[in-house]
Each structure stands twice: as structure tokens, then as C-alpha cells.
Amino acid sequence: MQSTWQRWWHSDVGYSFRQSPTAMVAAAIALVCLFCSVFAGWVSPTNPFDLTTLELSDARLPPSWLEGGTTKFLLGTDDQGRDILSALIYGSRISLVVGLASVLLSVAFGVAMGLLAGFRGGWVDALLMRLCDVMLSFPAILVALLIAGVGRALFPNANESLAFGVLIISISLTGWVQYARTVRGTTLVERNKEYVQAARVTGVAPLRIMVKHVLPNVMGPVMVLATIQVATAIITEATLSFLGVGAPPTSPSLGTLIRVGNDYLFSGEWWITIFPGLMLVLIALSVNLLGDWLRDALNPRLR
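Conventions and cut-offs
- Residues numbered from 1 in each chain as written.
- Predicted model: local features only at pLDDT ≥ 70, side-chain atom pairs only at ≥ 80, totals over all residues.
- Heavy atoms only, no water.
- Helix = DSSP H or I, 4+ residues; strand = E, 2+ residues; numbered from the N terminus.
- Buried < 20%, exposed > 50% of the residue type's maximum accessible area, 1.4 Å probe, protein only.
- Contact = heavy atoms within 4.5 Å.
- Areas by Shrake-Rupley, 256 points an atom, 1.4 Å probe, with all protein chains shown as cover.
- Lys, Arg positive; Asp, Glu negative; His and termini not counted.
- Charge placed at Lys NZ, Arg CZ, Asp CG, Glu CD.
- 1 Å grid on protein atoms, 1.4 Å probe; cavity = no way out; pocket = protein on both sides within 12 Å on 5 of 7 lines; lining within 4 Å.
- Points joined across faces, edges and corners; volume = space filled by probe spheres on them.
- Axes fitted to C-alpha atoms, helices over the stretch in contact; angles between N-to-C directions.
- Parallel < 35°, antiparallel > 145°, perpendicular 65-115°, else oblique.
- Left-handed = near helix turned anticlockwise from the far one by under 90°.
- Nonpolar A, V, L, I, M, F, W, Y, C, P; charged D, E, K, R; others polar.
- Phe/Tyr/Trp six-rings, centres within 6.5 Å; stacked < 30°, edge-to-face > 60°.

Draft legend 1. Representation of the overall build of the protein within the structure. Along the backbone of the protein there are 12 helices and zero strands. Along its sequence from the N terminus, the protein presents helices and strands in the succession α-α-α-α-α-α-α-α-α-α-α-α. If one aligns the C-alpha atoms of the protein with their principal axes, the spans along those axes are about 75 × 50 × 30 Å. Across the 303 residues of the protein, 44% fall into the buried class. For the protein, long-range pairs separated by at least 24 residues make up 69% of all intrachain contacts whose partners lie at least 6 apart in sequence. Accessible surface, the protein as shown: approximately 16000 Å² in total, 66% of it carbon and sulfur. Distance between charge centres in the protein, computed from 20 positive and 18 negative side chains, equals 17 Å.

Right, dumping it as C-alpha cells:
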């Protein structure tokens with residue numbers, strides 16, 4: 001019997017993936033970034049956030065190929081003597097965890113609200129859609145800034161786990177709306193099809209119909225949207241960290257590293273901010289390219 005991987009590889013989606021060099025390169029880059037982030041403790045040359053290993057005499061060293069650089073720090077060091085390469089690996093892990101967690105939370109809540117609105121209709125649909133309209137009237141970054149700022153004010157001495165939780169919720173608060181509207185539109189079509197009507201006639205409970213019958217048929221657009229939204233969530237997290245209300249200073253993400261390096265950009269130490277910025281662009285670009293490929297692969301009319 002063929003494994004799940006073999007069946008996917010020989011399916012239409014797998015064939016589309018093999019025929020798209022852009023998708024394959026983007027997937028390879030995303031997998032390398034994900035691998036390095038998950039296994040940062042083994043891949044990273046040093047732990048840049050271990051204060052006992054930092055030496056101020058190593059601060060602001062250039063990359064190894066420039067005059068004054070050393071092979072010990074391939075991409076140079078920042079203002080505290082942290083290895084830039086190690087900081088990128090650990091920082092990308094934080095950015096990816098926050099981005100993926102916020103998207104998963106948005107998907108779970110948005111899909112549930114979209115299914116409920118589309119399947120029930122009536123005042124439930126009207127109420128949830130007006131709530132979506134209200135959420136869409138506010139810029140996502142401003143809502144995230146508000147929630148993150150309020151969370152920091154309410155919990156000024158919060159530990160890292162609570163700080164990251166507030167950050168994830170602040171990003172998810174507006175992200176669920178797109179999933180709800182997408183799923184609601186698809187559910188309005190699916191609920192009138194024969195298989196749903198047959199399930200109703202046989203006495204299947206509405207909740208079971210939504211979960212077992214309608215949900216699998218609305219997940220295609222959700223997968224495409226979620227893939228693209230991962231990059232948006234990562235950029236939003238980096239923006240919040242750059243503004244000082246994102247990841248805590250003890251565990252800086254890519255946005256924090258860019259903010260720190262921005263102070264030295266015009267004093268000659270360009271590598272402190274350029275390399276974290278390039279890492280952020282690389283992750284976001286690879287995820288967006290995968291999302292574009294997945295959109296085309298799941299829509300036969302776009303092949």
C-alpha cells in the first residue's frame with residue numbers, strides 16, 4: 001500500500017509541485033528556515049541570549065569577509081557582542097512560532113464563526129458579519145498595537161510565556177475575520193447541495209453536518225489563505241517588535257534585532273540591521289510564493 005506521502009506526490013497537487021521550480025525553491029527555503037528554527041540549539045554556533053557568554057570587546061565586529069572581521073562571527077556581531085548568525089536563527093524561531101500560532105488561532109476561531117454564520121443564517125449570520133465589518137474597519141496593526149500595549153500595561157512583570165500569549169492574541173484578533181468571511185461564503189453554497197439535504201432528512205444533527213460534511217469541503221480556500229497569512233503574521237509580529245511592543249527584550253525576534261540595528265545603520269555597522277531584514281524578507285517571500293502556488297494548484301481553472 002502506498003503511504004500518504006506517496007499518494008500526495010503522485011496526485012495532481014504533487015504533480016503541480018514538481019512542475020513548479022519556484023514552489024520547490026520556496027519550499028526548500030521555508031523548510032531550511034523551519035529546521036534551523038526548531039533545532040536552533042544544535043544548529044546555532046552559540047546561544048546569543050546567554051549573557052554569560054557575551055563579551056563587550058566583541059561588539060560591532062564586521063562580517064568575516066570585511067576588514068576587522070573574524071571567522072568566529074561569520075556575519076559579524078551586534079552592539080552587545082552577540083553573534084548575528086546565531087541571533088538570526090534564534091530570532092527567526094520566535095517569529096515563526098508567533099506567526100504560526102497566531103494563524104492557527106485565527107483559523108480555528110474564524111472557521112468556526114464562518115461555519116456557524118453560513119449554516120445557520122438569519123440573525124446569527126447578520127450579527128457575525130456585522131462584527132466582521134466592525135473589525136475590518138480598524139487597521140490590523142493598530143488593533144494589535146492596542147491589545148499588545150494594554151497587555152503590557154496590565155501585566156508589566158509578566159513572564160515570557162504570558163508576553164508571547166498576549167502578542168499572539170493581538171495578531172489573531174483581526175486575522176480571524178478573513179477566514180470567517182471566506183468559510184461563510186463557501187458554506188452558503190454547500191448547505192444547499194444534495195449531500196447536506198440528505199443528511200438533514202436522515203436526522204443527522206446540525207453540528208455533525210457542519211463538522212463531518214461541510215467543513216472538509218470548505219478547507220481548500222482556508223489552506224491557501226492560511227499559508228499566505230503566515231507571512232503576514234510574521235511581518236506583523238516584526239512590526240510590533242520593531243515598535244517596542246512585541247517580543248520581550250530577553251528573547252528578541254527579527255523585528256527587535258532590526259530595531260536595535262537601526263540605531264547603527266548610518267554609523268557604518270550596517271550588518272546589524274541588514275541581515276535580520278534580509279532574513280525576514282526571505283521567510284516572508286518563500287511563504288508567499290508557496291501560498292501562490294497552492295492557490296493555483298487547488299484551482300484547476302488557474303493551472
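Draft legend 2. Seen up close, the layout of surface pockets. Put simply, the largest pocket is a space of about 580 Å³. As for the largest pocket, its lining consists of 20 residues, and the residues nearest its centre are A30, L31, T227, V287 and L290. If you list the elements that add at least two residues to the lining of the largest pocket, you get α3 (21-38), α5 (84-120), α10 (206-242) and α12 (271-298). The greatest single-element share of the lining of the largest pocket, amounting to six residues, is contributed by α12.

Draft legend 3. Representation of the side chain of S102 in the model. Among the secondary structure elements, S102 is positioned in helix α5. Once residues lying within four places of it in the same chain are set aside, the contact partners of S102 are I168, I171, S172 and A233.

Draft legend 4. Expanded view of the environment of S95. Relative to the helices and strands, S95 resides in helix α5. Note on S95: relative accessible area 1%, which makes it buried. Here the alpha-carbon distance between S95 and S20, two residues 75 residues apart in the chain, equals 27 Å. In this view, S95 contacts I234, E237, S253 and L254; residues no more than four positions away in its chain are not counted.

Draft legend 5. Looking closely at the packing of α5 against helix α6 (residues 122-136). Where α5 contacts α6, the axes come no closer than 7 Å and their chain directions differ by 140°. Between α5 and α6, the interaxial angle falls into the category oblique. In the packing of α5 onto α6, the handedness of the crossing is left-handed. Facing α5, whose interface residues are M113, L116, A117 and R120, α6 presents G122, V124, D125, L128 and M129.

Draft legend 6. Structural detail: empty space enclosed by the protein. Here the structure, examined in full by the defined rule, presents one cavity of 30 Å³ or more. The volume enclosed by the largest cavity comes to roughly 40 Å³. Looking at the lining of the largest cavity, the elements that each hand over two or more residues are α5, α11 (254-262) and α12. It is α5 that contributes the most residues to the lining of the largest cavity, three residues altogether. When grouped by side-chain class, the residues that make up the lining of the largest cavity number seven nonpolar, no polar and one charged.

Draft legend 7. Structural detail: the packing of aromatic side chains. The tally for this structure, following the rule as stated, stands at seven aromatic pairs. With centroids separated by 5.8 Å and ring planes inclined at 80°, the aromatic side chains of W270 and W271 adopt a geometry described as edge-to-face. The class for W270 is partly exposed, based on a relative accessible area of 31%. Exposure remark for W271: the relative accessible area of 6% places this residue in the buried category. Each member of the aromatic cluster is reached from another via a ring pair, and the members are W65, W270, W271 and F275.

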